[in-house]
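As a plain string of letters, each chain reads:
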Amino acid sequence: MDVEIQSTQAEGNGVFAKSDLEMDQPVCLIPERLMITSVVDQKLERLLGTSSIRRAQSTVLAIKLLLHYFDQKSFFRPYLDILPNGFDIPLFYSMEQINKLTGTSVKQLVIKDRFFFAMQYLSILSLVQKHPDILHPDDFTVSAFMWARSIAQTRQNPIPTEDGQALALIPLLDMFNHRPGPIKSDFDPSKRAAIVYSDRKVAKGDQIYMSYGPKSNQDLFIFMGFTNPELVSHDSLKIQLSLQQNAGTLQKQRILESYGIEPQALFDLRYPPLVESSQKLLLFLNVFLLKADDLKKPLDALQQIIESPTVETIKWLKMRLLVMRRALVTGKEKADSKLVQDLFECELRLLDAIEVDPLLQVSE
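Below is a short write-up of the structure. Quick caveat: nothing in here was measured; it's all calculated off a predicted structure. (Residues numbered from 1 in each chain as written. Predicted model: local features only at pLDDT ≥ 70, side-chain atom pairs only at ≥ 80, totals over all residues. Heavy atoms only, no water.)

Some words on the overall build of the protein chain
The condition is simple: Helix and strand assignments come from DSSP, with helices taken as H or I runs of at least 4 residues and strands as E runs of at least 2, each series counted from the N terminus. The rule is simple: take the accessible area with a 1.4 Å probe, protein chains only, and divide by the maximum for that residue type; under 20% is buried, over 50% is exposed, in between is partly exposed. Only heavy atoms enter the contact rule, under which two residues are in contact if any of them lie within 4.5 Å. Here the Shrake-Rupley method, with its probe set to 1.4 Å, supplies the accessible areas, and only the displayed protein chains count as covering residues.
Secondary structure summary: the protein chain contains 14 helices and twelve strands in total. Reported as C-alpha extents along the three principal axes, the dimensions of the protein chain are approximately 75 × 55 × 45 Å. Per-residue burial for the protein chain yields a buried fraction of 46% across its 364 residues. Excluding contacts between residues fewer than 6 apart, the proportion of contacts in the protein chain whose partners are at least 24 apart in sequence is 68%. Of the roughly 19100 Å² of accessible surface on the protein chain, 52% is carried by carbon and sulfur atoms.

Rendered as structure tokens:
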């Protein structure tokens, strides 16, 4: 492997070429025996038993990481010793920092993730207390689980197994920084190894990047601790909606159920074209805004109204976008870190793209 790890000012550690590389040239190969995986071994089998936790592979990977971390004789000790101790991700935010996200779609997701984390911790703690010989309760602290979960979420990669798929922490591969583009890493079943290929020509001394895949900036912010305002095509704005209780609510609920839509849900307003990217939201709004006279129409006429964006739906969306823009502009002005400012910028740029969608240019 003709590469080396160097520290960068903007991106932390990264992987750099020690010689010129051609596009699609193999950069490194990491055997499976060097990976920590979510495959349930004997210790985890005893600890988890029939718990539903074992179905959450990322959580299982975090637990296995802790088992190795507290084992001073672990084969993975050299890898464990170079893992980061801190993270700039919302799981570690104070409530004051979370409130700085007001106006973004991320704030609700962060609060939801914090609640999910707390429930997971308590569930695992009850198992740990029954098996102190596997993982001592004094070691399984909130901070230890936060660290392990963060390592897993920021570094995990899927690998194929005999039973389907597992998640793995792959030394060196998890040192590559992200650059949007085609995914140039793979797992070779015949070699039982992960392989990274160069995504373009790389000169000696330059950093080698890899794509983490088509992730939204919201996911990158929550789970990775960075964003890319230059690319928002995978992003969405979250809109929480529910049917109002009135005379037509039951009928509207049945109509929504026929389309597989809940009467109360968090909807995605995605990157245009809206008619293709945000169908469920548009369907919900069409039903949500139906008048009493509309509900009396024959089914075929009613279906035509529901499945084509109405003037009322367009008006509602324009008003909602105006409210969202005001909140985002205000929030960005109050943001006290570049990372949070960039998050606001991502959502504002997505809003810019949505507002010029042809659907919203229809005359009212």
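Notes on the sheet that holds strand β8 (residues 185-188)
Note the threshold: Note on pairing: DSSP must find at least two bridges between two strands before they are called paired. Every axis in this analysis is a line fitted to C-alpha atoms, fitted for helices over the stretch in contact. Angles between the N-to-C directions lie between 0 and 180 degrees.
Taken in spatial order, the three strands make up an open sheet running β3-β9-β8, and their pairing is antiparallel. At either end of the open sheet lies a strand with only one pairing partner, and these are β3 (26-31) and β8. On average, each strand axis in the sheet is tilted by 20° relative to the strand beside it, whichever way the strands run. Where β3 meets strand β9 (residues 193-197), five bridges bridge the pair, whose relative direction is antiparallel. For Ile30, the partnering residue across the bridge sits in β9 and is Ala194.

Focus on the side chain of Lys238
Under the convention used in this document: Between N or O atoms, a polar contact is any pair within 3.5 Å; within protein, one atom must be a potential hydrogen donor and the other a potential acceptor, and residues adjacent in sequence are included only when both atoms are from side chains.
Within the element layout of this structure, Lys238 appears in strand β11 (residues 236-242). Assessed through its relative accessible area of 18%, Lys238 is described here as buried. Of the polar contacts made by the side chain of Lys238, one reaches the side chain of Ser236; its length is 3.4 Å. Only 2.5 Å separates the side chain of Lys238 from the side chain of Asp268, close enough to count as a polar contact. Apart from the residues lying within four places of it in its own chain, the contact partners of Lys238 are Ser105, Gln108, Leu109, Leu266, Phe267, Asp268 and Met324.

Some details on the nonpolar core
Within soluble globular proteins, side chains that are nonpolar tend to cluster in buried spots. As a reminder of what qualifies: The definition of a nonpolar core used throughout is a set of buried Ala, Val, Leu, Ile, Met, Phe, Trp, Tyr and Cys residues joined through side-chain atoms within 4.5 Å.
The biggest cluster of nonpolar side chains holds 45 residues, and the ones touching the most others in it are Leu101, Phe221, Leu269, Leu281, Phe284 and Ile354. Broken down by element, the residue count for this core peaks at eight residues, all from helix α14 (residues 338-355).

A few points about the side chain of Asn286
Within the secondary structure layout, Asn286 lies in helix α10 (residues 279-288). Within the structure, the side chain of Asn286 is placed 2.6 Å from the backbone oxygen of Ile306, a separation counted as a polar contact. Only 3.3 Å separates the side chain of Asn286 from the backbone oxygen of Ser308, close enough to count as a polar contact. Not counting residues up to four positions away in its chain, the partners in contact with Asn286 are Ile305, Ile306, Glu307, Ser308, Pro309, Thr310 and Thr313.

Quick word on the packing of helix α7 (residues 217-224) against α14
Put simply, the rule is: Here roughly perpendicular refers to angles of 65 to 115 degrees, roughly parallel to angles under 35, roughly antiparallel to angles over 145, and oblique to all remaining angles. The handedness criterion is simple: a crossing whose near helix is rotated anticlockwise from the far helix by less than a right angle is left-handed, and one whose near helix is rotated clockwise is right-handed. Under the grouping applied here, Gly and all other residues not named as nonpolar or charged are polar, the nonpolar ones being Ala, Val, Leu, Ile, Met, Phe, Trp, Tyr, Cys and Pro and the charged ones Asp, Glu, Lys and Arg.
Axis separation between α7 and α14 bottoms out at 10 Å; the angle between their running directions is 160°. Considering the angle they form, α7 stands roughly antiparallel to α14. Relative to α14, α7 is oriented so that their crossing is left-handed. Of the residues in α14, those in contact with Asn217, Gln218 and Phe221 of α7 are Leu339, Val340, Leu343, Cys346 and Glu347. Grouping the amino acids of the contact of α7 with α14 by side-chain chemistry returns five nonpolar, two polar and one charged.

Examining the sheet that holds strand β5 (residues 156-161)
Strand order in the open sheet formed by three strands is β4-β6-β5, and the pairing between neighbours is antiparallel. The open sheet has two edge strands, β4 (36-37) and β5, and neither has a second partner. Of the pairings in the sheet, the one linking β4 to strand β6 (residues 164-169) comprises two bridges and is antiparallel in character. Each bridged residue has a counterpart across the sheet, and for Thr37 the counterpart in β6 is Ala168.

Some details on the packing of aromatic side chains
Keep this limit in mind: Stacked, tilted and edge-to-face pairs are distinguished by plane angle, under 30 degrees for stacked and over 60 for edge-to-face with tilted covering the rest, among Phe, Tyr and Trp rings (Trp via its six-membered ring) whose centres lie within 6.5 Å.
Taken as a whole and assessed by the stated rule, the structure comprises twelve aromatic pairs. Pairing Tyr69 with Trp147 gives two aromatic rings, centres 5.0 Å apart and planes at 50°, and the pair type is tilted. On the criterion of sequence distance, the pair formed by Tyr69 in helix α2 (residues 57-69) and Trp147 in helix α6 (residues 142-155) is long-range, its members being 78 residues apart. Judged by relative accessible area, Trp147 falls into the buried class, the value being 10%. Their ring planes at 35° and their centres at 6.2 Å tell us that Tyr121 and Phe145 sit as a pair that is tilted.

Quick notes on the environment of Ala193
With respect to the secondary-structure elements, Ala193 resides in strand β9. Each C-alpha atom of the pair Ala193 and Leu290 lies 56 Å from the other, and the pair is 97 residues apart in sequence.

Quick notes on the pairing of strand β1 (residues 3-8)
Within a regular strand, the side chains alternate between the two sheet faces. Inspection of the sheet shows β1 paired to strand β2 (residues 12-17) by six bridges, in the antiparallel sense. Within β2, the position partnered with Thr8 by the bridge is Gly12. Hairpin connection between β1 and β2: a loop of three residues separates the two successive antiparallel strands.

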